[in-house]
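# Chain and residue survey
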Amino acid sequence: MNTLRNKSILFLTTLLLSSLGASAQTTGGVSEQDLLLALIATMIVVALVSLLLVITIMVLVRQKKAALTPEAAAAAATTSGWSWLKEKLTDAVPVEKESSIDMGHNYDGIRELDNNLPPWWKYGFYASIVFAVLYFGYYQMFSDWSSEQEYVAAMQEHKEVRAAYLARQVDMVNEESVTLLSDAAGIAAGKTIFQANCVACHGADGGGNAIGPNLTDQYWIHGGSIKNVFTTIKYGVLEKGMTPWQDILKPGEMQQVASYILGELQGSSPAAPKAPQGDLYTPELEKEEAPDDSTSVALAVQ
Ligand code: HEC
């Protein structure tokens, strides 16, 4: 009977320990908050496991004692492991010996007993006193922590997260969502990218050379809308010698350089312009290609 109980307790402990290992693996959270939650959960599991270990050790020690002395063996035989454990945790006087702690106060048959406080409660209370002293000392006396500072820090952190999110949004542009930038900073950034990557084949002023076509005229081989130009830059035309830039430039950068080409290079007068290639691109043509624009459809019907 006892060995069976031993085995089941050991089995339960092993089970809990292995679940602890499993929960420890889930701490690879994304945000700090996730990590904190995982940490708290792990701490709770650790506390439960520790409690179980202590109980296991207590039970094992008791059984070891029972095996050594005949009196203890007799005592162990009369009390079940559970009631013994309850006794240890509550420190309550057994019902048979109640008279020893009777205070002599009897109210309509309800007697007052002078039981000790349950140890688990008492030590919890002491621990909370120690915690309160440490907590008060840390937060109110010795550190310069204030809830206002914490608020400011939290807002700062939020701002950074938001800025990072917005930066990611910029780099979410693709050939469907890309728009022509008109801000000076975006165009200037596009110019820098162009000078660093594109001049070898398109010329420093975009006029084209033996390899690449003129980017300043109204004629485009692959279309002259912002979406067309972005697409050409992104996927390239490998067989004609135009590099695909999608793995080299970020989407936001491809948008900037495309906007620089259409917003500044196009219409400028390069020193030695290469003869136009492709078709004359006019923005109206693009409207015709977009039938979901109800006004252009209406115009076409007239
Ligand atoms: C290795 C040479 C080379 C480099 C570097 C290069 N291009 Fe090109 N590019 C070409 C060639 C060649 C074509 C013509 C492709 C064709 O004929 O289909 C072209 C075409 C284009 C077109 C389409 C022109 C049209 O008429 O439709 C755009 C836009 C363009 N390049 C932009 C860029 C940008 C922006 C960069 C730098 C980030 C760049 N290119 C770098 C060789 C290059």
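Residues numbered from 1 in each chain as written. Predicted model: local features only at pLDDT ≥ 70, side-chain atom pairs only at ≥ 80, totals over all residues. Heavy atoms only, no water.

Here we come to the nonpolar core. Nonpolar side chains tend toward joint burial in soluble globular proteins. In terms of nonpolar packing, the biggest core is built from 24 residues, with Phe 194, Trp 220, Val 229, Ile 233 and Ile 261 touching the most fellow members. Secondary structure elements with two or more residues in this core: α7 (184-197), α9 (226-235) and α10 (251-265). Counting residues per element, this core draws most heavily on α10, at seven residues. (Core = buried A, V, L, I, M, F, W, Y, C linked by side-chain atoms within 4.5 Å. Buried < 20%, exposed > 50% of the residue type's maximum accessible area, 1.4 Å probe, protein only. Helix = DSSP H or I, 4+ residues; strand = E, 2+ residues; numbered from the N terminus.)

Binding of the iron atom of the ligand to the protein goes through His 202 (NE2) and Met 242 (SD), at separations of 2.0 to 2.1 Å. One can describe the donor arrangement at the iron atom of the ligand as octahedral, given that its six donor atoms subtend angles of 88 to 178° at the metal. A residue pair is termed long-range when its members are at least 10 positions apart, and His 202 in helix α8 (residues 199-202) and Met 242 in the loop between α9 and α10 qualify at 40 residues. (Donors = N, O, S within 2.8 Å, 3.2 Å for Na, K, Ca; no water. Tetrahedral: all angles 85-135°; square planar, octahedral: opposite > 155°, others 65-115°.)

Attention shifts here to the confidence of the model for the protein. In the predicted model, the protein carries a mean pLDDT of 84, and the fraction of residues at 70 or more is 81%. Predicted confidence for residues 22-29 stays below pLDDT 50, and this span has six contacts to residues more than four positions away or in other chains. (pLDDT = per-residue confidence, 0-100. Contact = heavy atoms within 4.5 Å.)

Attention now goes to the packing of helix α2 (residues 32-68) against helix α4 (residues 81-90). Between α2 and α4, the shortest axis-to-axis distance is 11 Å and the interhelical angle comes to 115°. Judged by the twist between their axes, the crossing of α2 over α4 is right-handed. Listed contacts from α4 to Ile 55, Met 58, Val 59 and Arg 62 of α2 are Gly 81, Trp 84, Leu 85 and Lys 88. Across the contact of α2 with α4, the residue classes break down as five nonpolar, one polar and two charged. (Axes fitted to C-alpha atoms, helices over the stretch in contact; angles between N-to-C directions. Left-handed = near helix turned anticlockwise from the far one by under 90°. Nonpolar A, V, L, I, M, F, W, Y, C, P; charged D, E, K, R; others polar.)

A separate point is the pattern of salt bridges. The final tally for this structure, using the stated rule, is three salt bridges. As a salt-bridge pair, Arg 111 and Glu 98 come within 2.9 Å of each other at their nearest N and O atoms. On the criterion of sequence distance, the pair formed by Arg 111 in strand β2 (residues 110-113) and Glu 98 in the loop between α4 and β1 (102-107) is long-range, its members being 13 residues apart. Each of Glu 98, Asp 102 and Arg 111 takes part in salt bridges that share partners, so that together they form one network. (Salt bridge = Lys/Arg side-chain N within 4 Å of Asp/Glu carboxyl O.)

Let's shift gears to unusual backbone geometry. Positioned with a positive phi, Asp 91 is a non-glycine residue whose angle comes to about 60°. One can find Asp 91 in the loop between α4 and β1. You can call Asp 91 partly exposed: its relative accessible area is 33%. Non-glycine residue Asp 108 carries a positive phi angle of around 50°. Along the chain, Asp 108 falls in the loop between β1 and β2. We classify Asp 108 as exposed; its relative accessible area is 83%.

For the rest of this paragraph, the subject is the pairing of β1. The sheet contact formed by β1 and β2 spans three bridges and is antiparallel. If you follow Tyr 107 over to β2, its bridge partner there is Ile 110. Hairpin remark: β1 followed by β2, antiparallel, with two residues in the connecting loop; positive phi at Asp 108, about 50°. (Pairing = 2+ DSSP bridges.)

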